[in-house]
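Survey of secondary and tertiary structure
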Amino acid sequence: MPDLSHLVLAVCQALLLLAAAPLVSGFSRVIRAKMHTRHGPGPLQDYRDLLKLMNRQDVQPPSAGLVFRIMPVILMATLLVIAMGTPILTRFCPISASGDLITTIYLFALARFFFALSGIDSGSSFAGIGASRELTMGVLVEPVMLLALVIAALLAGSTDLGTIGTAIATGHVHSMTATILAAVAFAFAVYIELGKLPYDMAEAEQELQEGPLTEYSGPSLAIIKWSLALKQVLVVGWFTGVFLPFGSSPDLSLVGVLFGLLVFVAKVVVIFFVVGIIENSVSRARFRFTPQHSWLGVGMASLAFVFYLVGL
(Lines give C-alpha, C1' and ligand atoms only; values in the text may rest on other atoms or scores of the structure.)
Protein backbone atom coordinates (compact mmCIF):
# COMPACT_ATOMS: atom_id res chain seq x y z
CA MET A 1 0.00 0.00 0.00
CA PRO A 2 1.34 3.48 -0.87
CA ASP A 3 1.89 5.89 1.99
CA LEU A 4 -0.14 9.07 2.37
CA SER A 5 2.33 11.35 0.56
CA HIS A 6 2.47 9.08 -2.49
CA LEU A 7 -1.31 8.79 -2.51
CA VAL A 8 -1.72 12.59 -2.37
CA LEU A 9 0.77 12.96 -5.23
CA ALA A 10 -1.12 10.36 -7.29
CA VAL A 11 -4.51 12.01 -6.77
CA CYS A 12 -3.19 15.52 -7.44
CA GLN A 13 -1.39 14.35 -10.58
CA ALA A 14 -4.51 12.63 -11.93
CA LEU A 15 -6.75 15.63 -11.19
CA LEU A 16 -4.23 18.01 -12.73
CA LEU A 17 -4.04 15.99 -15.95
CA LEU A 18 -7.83 15.73 -16.02
CA ALA A 19 -8.24 19.49 -15.63
CA ALA A 20 -5.59 20.28 -18.24
CA ALA A 21 -6.72 17.73 -20.87
CA PRO A 22 -9.28 20.01 -22.61
CA LEU A 23 -6.72 22.83 -22.66
CA VAL A 24 -4.16 20.62 -24.40
CA SER A 25 -6.79 19.51 -26.90
CA GLY A 26 -7.70 23.15 -27.52
CA PHE A 27 -4.04 24.04 -27.97
CA SER A 28 -3.76 21.40 -30.71
CA ARG A 29 -6.73 22.95 -32.52
CA VAL A 30 -5.19 26.42 -32.24
CA ILE A 31 -1.97 25.18 -33.86
CA ARG A 32 -3.95 23.56 -36.65
CA ALA A 33 -5.98 26.72 -37.27
CA LYS A 34 -2.90 28.97 -37.30
CA MET A 35 -1.10 26.73 -39.79
CA HIS A 36 -4.20 26.92 -42.01
CA THR A 37 -4.20 30.73 -41.62
CA ARG A 38 -7.62 30.52 -39.98
CA HIS A 39 -8.80 32.20 -36.81
CA GLY A 40 -10.35 29.04 -35.40
CA PRO A 41 -11.67 28.46 -31.88
CA GLY A 42 -9.73 29.57 -28.84
CA PRO A 43 -7.81 27.18 -26.57
CA LEU A 44 -10.66 27.21 -24.02
CA GLN A 45 -13.33 26.11 -26.52
CA ASP A 46 -13.26 22.50 -25.33
CA TYR A 47 -14.21 23.59 -21.82
CA ARG A 48 -17.23 25.43 -23.20
CA ASP A 49 -18.20 22.40 -25.30
CA LEU A 50 -18.02 20.09 -22.28
CA LEU A 51 -20.10 22.47 -20.19
CA LYS A 52 -22.70 22.70 -22.95
CA LEU A 53 -22.93 18.91 -23.22
CA MET A 54 -23.23 18.54 -19.45
CA ASN A 55 -26.36 20.69 -19.53
CA ARG A 56 -28.07 18.68 -22.27
CA GLN A 57 -30.26 15.60 -22.08
CA ASP A 58 -28.64 12.18 -22.09
CA VAL A 59 -30.45 10.17 -24.79
CA GLN A 60 -29.79 6.46 -25.35
CA PRO A 61 -30.94 4.25 -28.22
CA PRO A 62 -33.59 1.68 -27.25
CA SER A 63 -31.37 -1.21 -28.34
CA ALA A 64 -28.41 -0.13 -26.18
CA GLY A 65 -27.25 -2.55 -23.53
CA LEU A 66 -25.36 -2.36 -20.24
CA VAL A 67 -21.94 -1.87 -21.84
CA PHE A 68 -23.17 1.18 -23.73
CA ARG A 69 -24.40 2.78 -20.50
CA ILE A 70 -21.40 2.09 -18.29
CA MET A 71 -18.62 2.65 -20.86
CA PRO A 72 -18.14 6.42 -20.19
CA VAL A 73 -17.57 5.79 -16.49
CA ILE A 74 -15.26 2.82 -17.10
CA LEU A 75 -13.25 4.79 -19.67
CA MET A 76 -12.76 7.75 -17.36
CA ALA A 77 -12.02 5.61 -14.30
CA THR A 78 -9.46 3.47 -16.15
CA LEU A 79 -7.60 6.48 -17.47
CA LEU A 80 -7.55 8.10 -14.03
CA VAL A 81 -6.03 4.93 -12.56
CA ILE A 82 -3.33 5.07 -15.24
CA ALA A 83 -2.76 8.76 -14.48
CA MET A 84 -2.28 7.96 -10.80
CA GLY A 85 0.44 5.41 -11.52
CA THR A 86 2.40 6.95 -14.38
CA PRO A 87 5.71 8.66 -13.46
CA ILE A 88 5.04 12.11 -14.91
CA LEU A 89 5.99 14.73 -12.31
CA THR A 90 8.46 12.43 -10.56
CA ARG A 91 10.88 9.74 -11.66
CA PHE A 92 9.09 7.15 -9.57
CA CYS A 93 5.54 5.88 -9.87
CA PRO A 94 3.22 7.50 -7.29
CA ILE A 95 1.41 4.15 -7.01
CA SER A 96 3.79 1.40 -8.01
CA ALA A 97 1.06 -1.23 -8.39
CA SER A 98 -0.53 0.64 -11.31
CA GLY A 99 2.82 1.89 -12.64
CA ASP A 100 3.96 -1.51 -13.85
CA LEU A 101 4.53 -1.92 -17.58
CA ILE A 102 2.20 -4.89 -18.00
CA THR A 103 -0.51 -3.36 -15.81
CA THR A 104 -0.49 -0.10 -17.75
CA ILE A 105 -0.66 -1.86 -21.10
CA TYR A 106 -3.63 -3.94 -19.93
CA LEU A 107 -5.42 -0.87 -18.55
CA PHE A 108 -5.07 0.93 -21.89
CA ALA A 109 -6.29 -2.21 -23.66
CA LEU A 110 -9.25 -2.39 -21.25
CA ALA A 111 -10.23 1.20 -22.07
CA ARG A 112 -10.00 0.50 -25.80
CA PHE A 113 -11.97 -2.74 -25.44
CA PHE A 114 -14.94 -1.09 -23.70
CA PHE A 115 -14.79 1.89 -26.07
CA ALA A 116 -15.07 -0.40 -29.09
CA LEU A 117 -17.58 -2.74 -27.46
CA SER A 118 -19.91 0.16 -26.68
CA GLY A 119 -20.15 0.92 -30.39
CA ILE A 120 -21.26 -2.63 -31.08
CA ASP A 121 -23.62 -2.62 -28.09
CA SER A 122 -25.35 0.56 -29.31
CA GLY A 123 -27.06 -1.35 -32.14
CA SER A 124 -25.89 1.15 -34.76
CA SER A 125 -24.21 -0.29 -37.85
CA PHE A 126 -22.11 2.88 -38.28
CA ALA A 127 -20.95 2.66 -34.67
CA GLY A 128 -20.11 -1.01 -35.20
CA ILE A 129 -17.88 -0.16 -38.16
CA GLY A 130 -16.16 2.49 -36.07
CA ALA A 131 -15.66 -0.04 -33.28
CA SER A 132 -14.05 -2.45 -35.73
CA ARG A 133 -11.72 0.30 -36.87
CA GLU A 134 -10.81 1.11 -33.25
CA LEU A 135 -9.92 -2.52 -32.54
CA THR A 136 -7.81 -2.64 -35.69
CA MET A 137 -5.87 0.42 -34.55
CA GLY A 138 -5.29 -1.29 -31.21
CA VAL A 139 -3.89 -4.39 -32.90
CA LEU A 140 -1.53 -2.21 -34.94
CA VAL A 141 -0.37 0.20 -32.23
CA GLU A 142 -0.29 -1.66 -28.92
CA PRO A 143 2.22 -4.38 -29.99
CA VAL A 144 4.68 -1.66 -31.03
CA MET A 145 4.26 0.08 -27.67
CA LEU A 146 4.60 -3.19 -25.78
CA LEU A 147 7.71 -4.29 -27.67
CA ALA A 148 9.40 -0.90 -27.18
CA LEU A 149 8.60 -0.91 -23.46
CA VAL A 150 9.74 -4.53 -23.03
CA ILE A 151 13.10 -3.61 -24.58
CA ALA A 152 13.37 -0.63 -22.23
CA ALA A 153 12.46 -2.92 -19.31
CA LEU A 154 15.16 -5.41 -20.34
CA LEU A 155 17.71 -2.60 -20.54
CA ALA A 156 16.71 -1.26 -17.10
CA GLY A 157 16.19 -4.65 -15.47
CA SER A 158 12.68 -3.84 -14.23
CA THR A 159 9.11 -3.57 -15.50
CA ASP A 160 8.39 -0.60 -13.21
CA LEU A 161 7.95 2.50 -15.40
CA GLY A 162 9.61 4.74 -12.81
CA THR A 163 12.64 2.48 -12.55
CA ILE A 164 12.95 2.40 -16.35
CA GLY A 165 12.78 6.19 -16.56
CA THR A 166 15.32 6.59 -13.76
CA ALA A 167 17.74 4.18 -15.47
CA ILE A 168 17.48 6.12 -18.72
CA ALA A 169 17.87 9.49 -16.97
CA THR A 170 20.99 8.35 -15.10
CA GLY A 171 22.45 6.47 -18.07
CA HIS A 172 22.32 3.09 -16.31
CA VAL A 173 21.18 1.14 -19.37
CA HIS A 174 23.08 -1.59 -21.15
CA SER A 175 22.69 -0.15 -24.66
CA MET A 176 22.00 3.49 -25.44
CA THR A 177 21.47 2.72 -29.14
CA ALA A 178 18.75 0.20 -28.30
CA THR A 179 17.19 2.75 -25.93
CA ILE A 180 17.05 5.44 -28.61
CA LEU A 181 15.54 3.06 -31.18
CA ALA A 182 12.95 1.87 -28.66
CA ALA A 183 12.09 5.50 -27.88
CA VAL A 184 11.65 6.30 -31.58
CA ALA A 185 9.41 3.25 -32.07
CA PHE A 186 7.33 4.20 -29.03
CA ALA A 187 7.06 7.81 -30.23
CA PHE A 188 5.83 6.56 -33.62
CA ALA A 189 3.13 4.48 -31.90
CA VAL A 190 2.18 7.46 -29.71
CA TYR A 191 1.71 9.62 -32.80
CA ILE A 192 -0.73 7.11 -34.28
CA GLU A 193 -2.47 6.80 -30.90
CA LEU A 194 -3.02 10.57 -30.81
CA GLY A 195 -5.28 10.28 -33.86
CA LYS A 196 -3.40 12.70 -36.08
CA LEU A 197 -2.98 12.91 -39.83
CA PRO A 198 -2.20 11.01 -41.99
CA TYR A 199 -3.87 8.20 -40.02
CA ASP A 200 -6.81 9.87 -38.32
CA MET A 201 -8.36 13.24 -37.69
CA ALA A 202 -9.45 13.69 -34.09
CA GLU A 203 -11.78 16.58 -34.95
CA ALA A 204 -13.70 14.59 -37.58
CA GLU A 205 -16.64 13.54 -35.40
CA GLN A 206 -18.59 12.19 -38.37
CA GLU A 207 -15.86 9.86 -39.59
CA LEU A 208 -15.31 6.25 -38.69
CA GLN A 209 -12.82 6.76 -35.87
CA GLU A 210 -15.60 8.56 -33.99
CA GLY A 211 -18.13 5.90 -34.96
CA PRO A 212 -18.51 4.46 -31.43
CA LEU A 213 -19.66 7.91 -30.26
CA THR A 214 -22.48 8.20 -32.78
CA GLU A 215 -25.27 7.28 -30.35
CA TYR A 216 -23.92 9.17 -27.33
CA SER A 217 -25.18 12.58 -26.25
CA GLY A 218 -25.34 14.91 -23.28
CA PRO A 219 -23.24 14.18 -20.16
CA SER A 220 -22.19 10.74 -21.44
CA LEU A 221 -20.70 12.28 -24.57
CA ALA A 222 -19.02 14.97 -22.46
CA ILE A 223 -17.36 12.34 -20.25
CA ILE A 224 -16.14 10.42 -23.30
CA LYS A 225 -14.78 13.55 -24.99
CA TRP A 226 -13.04 14.52 -21.78
CA SER A 227 -11.62 11.01 -21.42
CA LEU A 228 -10.28 10.99 -24.97
CA ALA A 229 -8.55 14.33 -24.35
CA LEU A 230 -7.11 12.90 -21.13
CA LYS A 231 -5.88 9.86 -23.05
CA GLN A 232 -3.91 12.09 -25.42
CA VAL A 233 -2.17 13.80 -22.51
CA LEU A 234 -1.56 10.45 -20.84
CA VAL A 235 0.16 8.78 -23.79
CA VAL A 236 2.43 11.81 -24.15
CA GLY A 237 3.11 11.74 -20.40
CA TRP A 238 3.76 8.01 -20.69
CA PHE A 239 6.38 8.68 -23.36
CA THR A 240 8.07 11.52 -21.47
CA GLY A 241 7.98 9.67 -18.14
CA VAL A 242 9.73 6.61 -19.54
CA PHE A 243 11.98 7.84 -22.36
CA LEU A 244 12.32 11.59 -21.55
CA PRO A 245 12.34 11.68 -17.74
CA PHE A 246 14.82 14.54 -17.58
CA GLY A 247 13.66 17.29 -15.24
CA SER A 248 11.26 15.10 -13.28
CA SER A 249 11.65 15.20 -9.52
CA PRO A 250 13.68 12.33 -7.99
CA ASP A 251 11.95 12.81 -4.64
CA LEU A 252 8.74 14.09 -3.04
CA SER A 253 10.00 17.58 -2.20
CA LEU A 254 7.57 20.38 -3.06
CA VAL A 255 10.18 22.33 -5.01
CA GLY A 256 11.15 19.24 -6.99
CA VAL A 257 7.55 18.33 -7.83
CA LEU A 258 6.74 21.91 -8.90
CA PHE A 259 9.85 22.01 -11.07
CA GLY A 260 8.84 18.65 -12.55
CA LEU A 261 5.43 20.13 -13.32
CA LEU A 262 6.96 23.09 -15.16
CA VAL A 263 9.26 20.80 -17.13
CA PHE A 264 6.35 18.51 -18.03
CA VAL A 265 4.30 21.48 -19.27
CA ALA A 266 7.24 22.53 -21.44
CA LYS A 267 7.57 18.99 -22.81
CA VAL A 268 3.85 18.80 -23.64
CA VAL A 269 3.91 22.17 -25.42
CA VAL A 270 6.96 21.22 -27.49
CA ILE A 271 5.65 17.74 -28.35
CA PHE A 272 2.19 18.93 -29.39
CA PHE A 273 3.75 21.78 -31.35
CA VAL A 274 5.94 19.31 -33.26
CA VAL A 275 2.97 16.97 -33.71
CA GLY A 276 0.93 19.90 -35.06
CA ILE A 277 3.64 20.74 -37.60
CA ILE A 278 3.89 17.12 -38.76
CA GLU A 279 0.12 16.71 -38.90
CA ASN A 280 -0.38 19.79 -41.03
CA SER A 281 2.49 18.95 -43.35
CA VAL A 282 1.08 15.64 -44.59
CA SER A 283 -2.08 14.63 -46.41
CA ARG A 284 -4.69 12.14 -45.26
CA ALA A 285 -3.78 8.51 -46.00
CA ARG A 286 -6.21 5.69 -46.69
CA PHE A 287 -6.85 3.59 -43.63
CA ARG A 288 -5.76 0.43 -45.46
CA PHE A 289 -2.23 1.87 -45.64
CA THR A 290 -1.98 2.14 -41.84
CA PRO A 291 -0.93 -1.53 -41.37
CA GLN A 292 1.86 -0.99 -43.88
CA HIS A 293 3.12 2.06 -41.99
CA SER A 294 2.86 0.34 -38.62
CA TRP A 295 5.54 -2.09 -39.74
CA LEU A 296 7.95 0.83 -39.52
CA GLY A 297 7.42 0.93 -35.75
CA VAL A 298 7.71 -2.86 -35.49
CA GLY A 299 10.94 -2.74 -37.49
CA MET A 300 12.50 -0.06 -35.27
CA ALA A 301 11.49 -1.90 -32.10
CA SER A 302 12.84 -5.18 -33.51
CA LEU A 303 16.10 -3.46 -34.45
CA ALA A 304 16.32 -2.11 -30.90
CA PHE A 305 15.95 -5.68 -29.62
CA VAL A 306 18.82 -6.78 -31.88
CA PHE A 307 21.03 -4.01 -30.54
CA TYR A 308 20.09 -5.08 -27.01
CA LEU A 309 21.12 -8.67 -27.73
CA VAL A 310 24.51 -7.67 -29.17
CA GLY A 311 25.04 -5.04 -26.44
CA LEU A 312 25.59 -2.03 -28.73
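Just above, that's the structure.
As a starting point, this report considers the structure included with it. Because the structure is a prediction, the values reported are computed rather than measured. (Residues numbered from 1 in each chain as written. Predicted model: local features only at pLDDT ≥ 70, side-chain atom pairs only at ≥ 80, totals over all residues. Heavy atoms only, no water.)

1. Here's the deal with the overall build of the protein chain
Along its length, the protein chain carries 10 helices and 0 strands. Listing each helix as α and each strand as β along the protein chain from the N terminus yields α-α-α-α-α-α-α-α-α-α. For 312 residues, the compact-globule estimate of 2.2 N^0.38 gives 20 Å, and the protein chain sits close to it at 19 Å. Principal axes of the C-alpha set define a box for the protein chain whose edges measure 55 × 45 × 45 Å. Here the contacts in the protein chain between residues at least 6 apart in sequence split such that 80% fall between residues at least 24 apart. Carbon and sulfur atoms make up 72% of the accessible area of the protein chain, which totals about 13900 Å². For the protein chain, the separation between the mean place of its 18 positive charges and that of its 18 negative charges on side chains is 8 Å. (Helix = DSSP H or I, 4+ residues; strand = E, 2+ residues; numbered from the N terminus. Rg over C-alpha atoms; globule rule 2.2 N^0.38 Å. Contact = heavy atoms within 4.5 Å. Areas by Shrake-Rupley, 256 points an atom, 1.4 Å probe, with all protein chains shown as cover. Lys, Arg positive; Asp, Glu negative; His and termini not counted. Charge placed at Lys NZ, Arg CZ, Asp CG, Glu CD.)

2. Focus: empty space enclosed by the protein
On inspection of all chains with the given rule, the structure shows 2 cavities of 30 Å³ or more. The space that makes up the largest cavity amounts to roughly 50 Å³. Lining the largest cavity are I105, F108, R112, E142, M145, E193, V235 and W238. Elements that contribute at least two residues to the lining of the largest cavity include exactly α4 (101-121), α5 (125-156) and α8 (218-243). Per-element accounting of the lining of the largest cavity gives the leading share, 3 residues, to α4. Taken as a whole, the second largest cavity encloses approximately 40 Å³ of empty space. Tallied by class, residues from the lining of the second largest cavity come to 3 nonpolar, 3 polar and 3 charged. (1 Å grid on protein atoms, 1.4 Å probe; cavity = no way out; pocket = protein on both sides within 12 Å on 5 of 7 lines; lining within 4 Å. Points joined across faces, edges and corners; volume = space filled by probe spheres on them. Nonpolar A, V, L, I, M, F, W, Y, C, P; charged D, E, K, R; others polar.)

3. With respect to the layout of surface pockets
Considered as a void within the structure, the second largest pocket measures approximately 260 Å³ in volume. Considering the residues around the second largest pocket, the lining is formed by 13 residues, among which A20, L23, V24, V265 and V268 are closest to the centre. Mapped onto the lining of the second largest pocket, the elements with two or more residues apiece are α1 (4-35) and α9 (254-279). Examining the composition of the lining of the second largest pocket, we find that 6 residues originate from one element, α1, more than from any other. Considered class by class, the residues forming the lining of the second largest pocket number 13 nonpolar, no polar and no charged.

4. Brief notes about the pattern of salt bridges
A complete count under the given rule lists 4 salt bridges for this structure. Between R29 and D46 there is a salt bridge, and its shortest N-O distance comes to 4.0 Å. Linking R29 in helix α1 with D46 in helix α2 (residues 45-54), this pair joins segments that are 17 residues apart in sequence. Overall, the relative accessible area of 10% leaves D46 in the buried class. Through salt bridges with shared partners, a single network forms among R112, E142, E193 and K231. (Salt bridge = Lys/Arg side-chain N within 4 Å of Asp/Glu carboxyl O. Buried < 20%, exposed > 50% of the residue type's maximum accessible area, 1.4 Å probe, protein only.)

5. Some details on α1
Here α1 contains 32 residues, and its C-alpha end-to-end distance of 46 Å stays within 8% of the 46 Å for a straight helix at 1.5 Å per residue. Where α1 bends most, the angle comes to about 40 degrees, and this point is A20, followed within four residues by the proline P22. Just beyond α1, the residue with positive phi is T37, at close to 55 degrees. (Expected span 1.5 Å × (residues − 1). Bend = angle between axes of the 7 residues up to and from the residue.)

6. Describing a nonpolar patch on the surface
Among the surface-exposed residues, I102, Y106, L146, V150, L154, L303, F305, V306, L309, V310 and L312 lie close enough to one another that they form a single nonpolar patch of about 970 Å² accessible area. Ranked by residues supplied to the nonpolar patch, first place goes to helix α10 (residues 290-310) with 5 residues. Checked against the element boundaries, V306 lands in helix α10. (Patch = residues over 30% accessible without salt bridge, like charges linked within 9 Å, V, L, I, M, F, W, Y side chains within 5 Å.)

7. So, the environment of V30
Looking at where V30 falls in the secondary structure, it is placed in helix α1. Spatially, the C-alpha atoms of V30 and Q292 are 31 Å apart, while their sequence positions differ by 262 residues.

8. Some details on α4
In this model, α4 (21 residues) spans 30 Å end to end at C-alpha, consistent with the 30 Å of a helix rising 1.5 Å per residue. Along α4, the residues that are buried comprise L101, T104, I105, L107, F108, A111, R112, F114, F115, A116, S118 and G119. Against α3 (66-85), α5, α6 (161-170), α7 (176-193) and α8 lie the buried residues of α4. For α4, the N-terminal cap is D100; the gap from its side-chain oxygen to the backbone nitrogen of I102 is 3.0 Å. Of the residues flanking the end of α4, it is G123, one or two places downstream, whose phi is positive at about 85 degrees. (Polar contact = N/O pair within 3.5 Å; in protein donor to acceptor, adjacent residues only side chain to side chain.)

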